[in-house]
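Fold and contact review
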Amino acid sequence: MGRVGVLLLNLGGPEQIEDVRPFLYNLFSDPEIIRLPFSWMQKPLAWLISSLRHKKSQANYMEIGGGSPLRGITEEQAIALHKSLQDKGQDVQVYIGMRYWHPFTEEAIARIKRDGVEQLVILPLYPQFSISTSGSSFRLLEQIWTDNPSLAPQEHTVIPSWYQRPGYLQAMAQLIARELDGFENPDQVHIFFSAHGVPVSYVEEAGDPYQHEIEECTRLIVQTLNRPNRHTLAYQSRVGPVEWLKPYTEDAITELAAEGINDLLVVPISFVSEHIETLQEIDMEYREIAEEAGIENFHRVPALNTHPVFIEDLANLVVEAIDAPPLTLDQVMRPQKNFKMYPQERWEWGMTTAAEVWNGRLAMLGFMGLLIELISGHGPLHFIGLL
Ligand SMILES: C=CC1=C(C)c2cc3[nH]c(cc4nc(cc5[nH]c(cc1n2)c(C)c5CCC(=O)O)C(CCC(=O)O)=C4C)c(C)c3C=C
Ligand SMILES: [Fe+2]
């Protein structure tokens, strides 16, 4: 085999405050983030939500210095992974493809083509798989290569998730143990795993394995840590009015405080880099909730970033993937392609749930049109290019 490359997939984040609105627009334009019955609704709705939300998001990003540290950290991870692969005698180029901000996945694919990479390992920097994260990036890759087959490498292999890797688990356990030992009574500390949430419908209707993988990951970290501490798993960062995975982080913290827990150690587990949801949401918002509820010692485990044990394990994972039979995007995404997410896709005639859903959706459409016109001065027809 000729040249080998690794494509690290990640979310991306606004680098400066002016990037927040277009970043949010990109995020909400993704049908894996907001699932709508008609694709033409996606862009107007993304525009509406990013317009309504950007001030609040900007205020949060201002609290962490005016932008996301994600690009810088991902670049450091790429450099460290490249070095670790070199130390193992592997001449492998590492690329970064972000989903919603620079360097975009499209740019990475163009560079991979330019460099003549023939075998590509696709490695999401999310330990657990979700339709909304790794799944969304996989779908984008499929689309890029379907639209322009000449951009596809001769061979690719996908690593859908890797939360059960020994080096990842050991690195997490090391970080947790170090923080625990900083408390006066380490065994008394309640360990609080906080994962990014997803809407319940992703798991229950679309078959997202995310919740299962998060629960399994928590169990494996606790087992690797091998300490007597009690622990809780909860879900943070929900957006919008629908039901998300429970318990919600803020509720679980308040309940633990009511039980008399004084020492809390928060462990972010769905992401391997510091980002807005660790630096602002956990360190500021949840800390305030905890302290107001009576928790005296609120600490957080730092994100892995370039932890050497973690990076070395990623390098081993890449080497194993290069040698193993390829797992293609098509194989990974096939189960989702046949799945009918919405009741209206599973249409039956009569006074059925599907009919009710359609009535509701049509009413919602009318309401959205009114709202768009009220805010922008333009009607929905303007946005779909008919006026
Ligand atoms: C595994 C991690 C993540 C999952 C699952 C996930 C799902 C998900 N996210 C949103 C909406 C937003 N996410 C935002 C930022 C953001 N999300 C993740 C990770 C996951 N998201 C990260 C690492 C970041 C931060 C990037 C950074 O700038 O540091 C945002 C923007 C921030 C804000 O305005 O609050 C939104 C919005 C949904 C709807 C969703 C599942 C459907
Ligand atoms: Fe998110």
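Quantities reported herein were computed from a predicted structural model and do not represent experimental measurements.

Here we look at a negative patch on the surface
- Taken together, the side chains of Glu63, Glu285, Glu288 and Glu292 present a region of like negative charge at the surface.
- Counting residues per element, the negative patch draws most heavily on helix α10 (residues 276-293), which supplies three residues.
- Relative to the assigned elements, Glu285 resides in helix α10.

Thoughts on helix α9 (residues 249-258)
- Within α9 the residues assigned to the buried category are Thr249, Glu250, Ala252, Ile253, Leu256 and Ala257. Projection of α9 onto a plane perpendicular to its axis shows the buried side chains occupying an angular sector of 165 degrees, all on one side. Exposed residues pointing more than 90 degrees away from the buried face of α9 are listed as Glu255 and Ala258.
- Buried residues along α9 sit in contact with β5 (190-196), β6 (231-236), β7 (263-268), α10 and β8 (297-300).
- One or two steps after α9, the chain reaches Gly260, where phi turns positive at roughly 100 degrees.

Re the sheet that holds β5
- Ordered by their spatial adjacency, four strands build an open sheet running β6-β5-β7-β8, and the pairing between neighbours is parallel. Because the sheet does not close on itself, it has two edges, and the strands there are β6 and β8. Taken pair by pair, the neighbouring strands of this sheet meet at an average axis angle of 25 degrees, ignoring direction.
- Pairing analysis gives six bridges linking β5 to β6, with the strands arranged parallel. In the sheet register, Phe192 faces β6, and the bridge partner there is Thr232.
- Along the sheet, helix α8 (residues 210-225) contacts β5 and β6; its crossing angle with β6, the most-contacted strand, is approximately 145 degrees.

Observations regarding the environment of Pro127
- Among the secondary structure elements, Pro127 is positioned in the loop between β3 (119-124) and α5 (134-147).
- In the structure, Pro127 is positioned 87 residues away from Ile214 in sequence and 8.9 Å away in space, judged by C-alpha atoms.
- The residues contacting Pro127, other than those within four sequence positions of it, are Ser161, Trp162, Tyr163, Tyr168, Ile269, Ser270, Phe271 and Val272.

Remarks on the confidence of the model for the chain
- When pLDDT is averaged along the chain, the result is 91, and 86% of the positions lie at 70 or above.
- Here residues 340-355 is a poorly scored stretch, pLDDT under 50, and it has 21 contacts once near neighbours within four places are set aside; other chains count.
- Note on residues 381-387: pLDDT under 50 across the span, and nine contacts to partners over four residues away in sequence or across chains.
- Model confidence for the complex is summarised by a pTM of 0.88, with the ipTM given as 0.91.

Points about the site of ligand 1
- Residues in contact with ligand 1 amount to 27 residues; listed here are only the nearest, Arg53, Ser57, Tyr61, Ser68 and His196.
- Ser68 has a polar side-chain atom sitting 2.9 Å from an oxygen atom of ligand 1.
- For ligand 1, a nitrogen atom lies 3.0 Å from a polar atom in the side chain of His196.
- Protein contacts shield 96% of the accessible area of ligand 1, which totals 800 Å² for the unbound molecule.
- Broken down by secondary-structure element, the contributors of at least two residues to the shell around ligand 1 are α1 (20-28), α2 (42-63) and α10.
- Here the shell around ligand 1 gets four residues from one element, more than from any other, and that element is α1.
- The class makeup of the residues in the shell around ligand 1 is 16 nonpolar, nine polar and two charged.

The rules we used
- By convention here, each chain's residues receive numbers from 1 onward along its written sequence.
- Chain letters and ligand numbers both follow the written order, the letters beginning at A and the numbers at 1.
- Local features in this predicted model are restricted to residues whose pLDDT is 70 or higher, and side-chain atom pairs enter the listing and the counts only when it is 80 or higher, whereas totals over whole chains, interfaces and linings include all residues.
- Processing note: side-chain calculations cover all non-hydrogen atoms of the structure and skip hydrogens and water entirely.
- Patch rule: a residue counts if its relative accessible area is over 30% and it has no salt bridge; like charges are joined within 9 Å, and nonpolar side chains (Val, Leu, Ile, Met, Phe, Trp, Tyr) within 5 Å.
- Per-residue accessibility takes into account occlusion by the displayed protein chains alone, with areas from the Shrake-Rupley method and a 1.4 Å probe.
- A pair is scored as a salt bridge if a Lys or Arg side-chain nitrogen falls within 4 Å of a carboxyl oxygen belonging to Asp or Glu.
- All tallies of charge rest on Lys and Arg as positive and Asp and Glu as negative; His and the ends of each chain are not included.
- Taken as the charge centre is NZ of Lys, CZ of Arg, CG of Asp or CD of Glu, depending on the residue.
- Strands here mean DSSP runs of E at least two residues long; helices mean DSSP runs of H or I at least four residues long; both are numbered from the N terminus.
- Think of it in three bands: with a 1.4 Å probe and only protein chains considered, a residue is buried below 20% of the maximum accessible area for its type, exposed above 50%, and partly exposed in between.
- Working definition: the arc comes from the directions between the helix axis and the C-beta atoms, pointing outward to the latter.
- It only takes one pair of heavy atoms within 4.5 Å for two residues to be counted as in contact.
- Any two strands are treated as partners once DSSP identifies two or more bridges connecting them.
- Comment: axis = line fitted to C-alpha atoms, over the contacting stretch for helices; angle = value between 0 and 180 degrees taken between N-to-C directions.
- Values of pLDDT, ranging from 0 to 100, describe the predictor's confidence in every residue of the model.
- By convention in this text, a residue qualifies as near a molecule or strand provided that one of its non-hydrogen atoms is within 4 Å of it.
- Polar contact is defined as a pair of N or O atoms within 3.5 Å, subject to the rule that within protein one atom must be able to donate a hydrogen and the other to accept it, and that residues adjacent in sequence are counted only when both atoms are side-chain atoms.
- Only Asp, Glu, Lys and Arg are considered charged in this grouping, and only Ala, Val, Leu, Ile, Met, Phe, Trp, Tyr, Cys and Pro are considered nonpolar; every other residue, Gly among them, is considered polar.

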